[in-house]
Amino acid sequence: MIPVRFLVLDRYLVREILRPFAATCLLFILLFGSYSSARMLSDAVAGLLPMDVVWQLIALKILIALEVLFPIALYLSVVMGLGRLHADSEMVAMAACGYGEGRVAWTTFRLGLIVAAVVACFAILIRPWAYTQSYRIENRAEAEFDVNKLEAGRFHASQSAGYVLFAEEVDRAEGRLRRVFFSQDQADDKVQVVYADSLTQGEREQGATPLIFQNGYAYEVDPSGSSDMTLRFRHLTLFLDGAPEPLGYRSKAAPTTQLWGADDPKDIAELQWRILRPVSAILLALLAVPLSRTAPRRSRYIKTILAIVLFAVYYNLIGMAKTWVKEGVVGPVPGAWWPDALLLMCVLVWYWPLITGRWRLFRLQTLG
């Protein structure tokens, strides 16, 4: 039976970790929300996004980011919370009561399991739903394209429709753009470029938006250089296709069950990313325990800085690993697993004394 003092110290330890965890999560959400707001609001000001959908997209992006924000918040909270206990000699007093390093690791591991379960829900269930909603909102915004809302002197690009538009002047009274540059990718890998004195937008016809150019030049550029074309015109009408289907198929929006057994590198990279997020939450929490060790009455912030640097390296590695799998540079094995395998090795090195020579003491401290 577990001694009562261990249960009391378990609750105390968890409280010391959860207190900075809540504050860190809130701080990260505010920072990420502010960053997303700056990007989205600039698109809204430029006329690319209606204001009524900006806040929906920001909320969805925050939901997607929580699968990464929760593990790093727990990681830093363990470093800060246990670091304070080390610096104030409370860990020494707890060890004198029989609450040793093994019990601290066990308590942190159980807390990591809870956070990992939450992260798994976000990565496996909420992530594809949030991407689906964001794609639908962006597609609807594309369908409501209005040149009269654009801002002069800025390039306006649409990845889904494959065009770039620039106007030196916007006459909102007439609904006309002046001195216009327009470029659009064609289905046969050709690029269509138009330079015109003015541009107006016609009424939508069968889901397509007509763009009416006056007095200019049109070019069709073939990458091979064999069939380039130049056209001078007085009036030229091009049609922007309406927004594509709500999704078509996109890996980030695909249900997790649909990704199992997929052969496409993008699907493999996405599936491995979703699986590894809860795993990283547990491994980071365990790594934070030895990183929190601080001599009594010594500043614990040096360890916090070291923890941030280590996480920055780890986060760049997992991003690089996912990109390599997505681009087909590496196969499913080692895939995107190797950064977490390196993290697991670091955890095993730190806990090797508990696993080997001190295993018996670890079991006694864990089971009471």
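Above this note sits the structure.
Presented here is an overview of the structure given in this document. (Residues numbered from 1 in each chain as written. Predicted model: local features only at pLDDT ≥ 70, side-chain atom pairs only at ≥ 80, totals over all residues. Heavy atoms only, no water.)

Another aspect to go through is helix α7 (residues 301–326). The end-to-end C-alpha distance of α7 is 37 Å, a good match for the 38 Å that 26 residues give at a rise of 1.5 Å each. Residues of α7 that are buried: Thr-304, Ala-307, Phe-311, Tyr-314, Ile-318, Ala-321, Lys-322 and Val-325. Where α7 terminates, the next one or two residues include Gly-328, which has phi positive at roughly 80°. (Helix = DSSP H or I, 4+ residues; strand = E, 2+ residues; numbered from the N terminus. Expected span 1.5 Å × (residues − 1). Buried < 20%, exposed > 50% of the residue type's maximum accessible area, 1.4 Å probe, protein only.)

The next thing to look at is the packing of aromatic side chains. Evaluated as defined, the whole model comprises 10 aromatic pairs. Between Phe-70 and Phe-122 the ring centres are 5.7 Å apart and the planes differ by 80°, which places this aromatic pair in the edge-to-face class. Taken as a pair, Phe-70 in helix α2 (residues 51–87) and Phe-122 in helix α4 (residues 101–143) lie far apart in primary sequence, 52 residues in all. Exposure remark for Phe-70: the relative accessible area of 14% places this residue in the buried category. Take Phe-122: its relative accessible area is 13%, and that puts it in the buried class. (Phe/Tyr/Trp six-rings, centres within 6.5 Å; stacked < 30°, edge-to-face > 60°.)

Before going further, it helps to spend a moment on unusual backbone geometry. The omega angle of the peptide bond from Val-333 to Pro-334 is 5°, so this bond is cis rather than trans. Following the sequence through the fold, Pro-334 ends up in the loop between α7 and α8 (338–355). In this structure, Arg-179 is a non-glycine residue whose phi angle is positive, near 50°. Within the secondary structure, Arg-179 sits in strand β3 (residues 176–185). Its relative accessible area of 34% is what places Arg-179 among the partly exposed residues. Unusually for a residue other than glycine, Asn-215 sits at a positive phi of about 55°. Structurally, Asn-215 is set in strand β5 (residues 209–221). Residue class for Asn-215 comes out partly exposed when judged on its relative accessible area of 37%.

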